[in-house]
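Single-letter residue listing:
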Amino acid sequence: MIPDRNDRSAVSPAALAAYIRGQGWTKTDIFGSHSDVYTGVGLPELLVPRTRDIGDYGRVTAQLVEILARVAGISEIALCKDLMTTDRDVIRVRVAEDDSTVDINEGASLISGARDMLLAAACSLNSPQLLYRAGANREAVDFLSQVRLGQTEPGSFIVTLLPPVIVPPLQRPLLEDAGDADPPVARRITTRLYDALHATKQASEKAVSGDKDAFANAISDGISANLCDALVQMIEPFSALDIRFTWARTRPVTLSQRPVQFTQDDVPMLSEASRIFRNREPQPDVELLCSVQTLKRDDDDTEGTVTLRTSVAGNLRSVVAVLSQSDYHKAIEAHTRKEPVVAIGDLERVGQRWRLLNPQIAAVITNEDPEDA
């Protein structure tokens, strides 16, 4: 019997049924209002509950686990741990260390990187971008709040991520070979991460061979500066790490469980890809202290174009902005008086040039003589 009563109750009816079907049993009948009968060639007949709302759910589950473990030739504890994740897609990040322990700071960095990796995949689900303001994506943040950390496992140090439960399909596809046409959000995000990681590894290998567009061509697969940064954070303290997916049996897929492995050789490629992506993507809501260099406006225009001189990433750069009529007048006055201005907006790099999108002159820094104040 399973030693811990909580382990018995933690196994959901959906996970139990999915595992049993995957091991060769077939539902052949119903029993009462809350159970099904499963049979299989050369297999014992099983009475499987459909709900926890029966008084002896824990006892019935324990008996089933005892039978299933004996048939599979594994321990009940091992089977129970498997059953508790049968209805979830499981993501395991394993570091290539002989010891099953790591430095506390390295461990914290690994967990933080794993979190950011999954968040990046969630952000890229509906609109692939070079860079995300992850905290502003409410759906992605809400999804992440439902992800659990799994129990530690023997062997190398492993971080286990448990996304929300994957429910079985509730309707048949219109075509038998159509596959899973409408998967739940949790499955869409885990498969998105799976695709993004494989695309990232392939892009890193292609970049080594001189393909300058390898990372840019894979943005649609979910690669972003956020994902690259998360991977670098996880990889840097270790010689290598691999990321493995185990797919929920409640909603079978044909995707491989082969792990994606990253090594120290990938770090420079990922760091450079992140830098380039960040330079190409507008930096939102920046605040710049600038001097007004040039002004240009046609007689019949209300808006005016200004060139601002400011520091970008520690270097002096010229930034072009198209200002509203009122802000353009502020820029004229600042230019006349040689006074700096505070400009806010979204900073974007186009080739070797910079421009400020949605710009505003938030303030003009007045050069007041203290004696006149």
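Keep in mind the model is a prediction, meaning the values are calculated, not measured.

Procedures and definitions
Residues numbered from 1 in each chain as written. Predicted model: local features only at pLDDT ≥ 70, side-chain atom pairs only at ≥ 80, totals over all residues. Heavy atoms only, no water. Axes fitted to C-alpha atoms, helices over the stretch in contact; angles between N-to-C directions. Helix = DSSP H or I, 4+ residues; strand = E, 2+ residues; numbered from the N terminus. Parallel < 35°, antiparallel > 145°, perpendicular 65-115°, else oblique. Contact = heavy atoms within 4.5 Å. Nonpolar A, V, L, I, M, F, W, Y, C, P; charged D, E, K, R; others polar. 1 Å grid on protein atoms, 1.4 Å probe; cavity = no way out; pocket = protein on both sides within 12 Å on 5 of 7 lines; lining within 4 Å. Points joined across faces, edges and corners; volume = space filled by probe spheres on them. Salt bridge = Lys/Arg side-chain N within 4 Å of Asp/Glu carboxyl O. pLDDT = per-residue confidence, 0-100. Patch = residues over 30% accessible without salt bridge, like charges linked within 9 Å, V, L, I, M, F, W, Y side chains within 5 Å. Areas by Shrake-Rupley, 256 points an atom, 1.4 Å probe, with all protein chains shown as cover. Lys, Arg positive; Asp, Glu negative; His and termini not counted. Charge placed at Lys NZ, Arg CZ, Asp CG, Glu CD. Buried < 20%, exposed > 50% of the residue type's maximum accessible area, 1.4 Å probe, protein only.

## A word on the packing of helix 3 (residues 57-72) against helix 4 (residues 76-83)
Here's step 1: Direction vectors running N to C along helix 3 and helix 4 enclose 110°, while the axes themselves pass 9 Å from each other. Here helix 3 lies roughly perpendicular to helix 4, going by the angle between them. Along the contact surface, helix 3 presents V65, E66, L68 and A69, while helix 4 presents E76, L79 and L83.
Here's step 2: Per-class residue counts for the contact of helix 3 with helix 4 are 5 nonpolar, no polar and 2 charged.

## Let's talk about the layout of surface pockets
Over the atoms a probe the size of a water molecule is rolled, and this reveals where empty space is left.
Here's step 1: The calculated volume of the largest pocket comes to roughly 620 Å³.
Here's step 2: What lines the largest pocket is a set of 28 residues, among which K81, D82, M84, T85 and L162 lie closest to the centre.
Here's step 3: Mapped onto the lining of the largest pocket, the elements with two or more residues apiece are helix 1 (5-10), helix 4, strand 4 (90-95), strand 5 (148-149) and strand 6 (158-162).
Here's step 4: In the lining of the largest pocket, the residues fall into 10 nonpolar, 9 polar and 9 charged.

## Digging into the pattern of salt bridges
Here's step 1: The tally for this structure, following the rule as stated, stands at 13 salt bridges.
Here's step 2: Between D82 and R249 there is a salt bridge, and its shortest N-O distance comes to 3.4 Å. Of this pair, D82 sits in helix 4 while R249 sits in the loop between strand 7 (240-246) and strand 8 (260-263), placing them 167 residues apart in sequence.
Here's step 3: Taking the shortest distance from any N to any O, the salt bridge between D242 and R94 comes out at 2.6 Å.

## Here we look at the confidence of the model for the protein chain
Here's step 1: Looking at the protein chain, pLDDT values average 88 and 93% of them are 70 or higher.
Here's step 2: Put simply, helix 1 is where the protein chain has its lowest mean pLDDT, 55, and helix 8 (residues 225-235) is where it has its highest, 96.

## Remarks on a negative patch on the surface
Here's step 1: Residues D298, D299, D300, D301 and E303 make up a contiguous surface patch of negative charge.
Here's step 2: For E303, the position within the fold is in the loop between strand 9 (283-296) and strand 10 (304-312).
Here's step 3: Residue classification places E303 among the partly exposed positions, given a relative accessible area of 47%.

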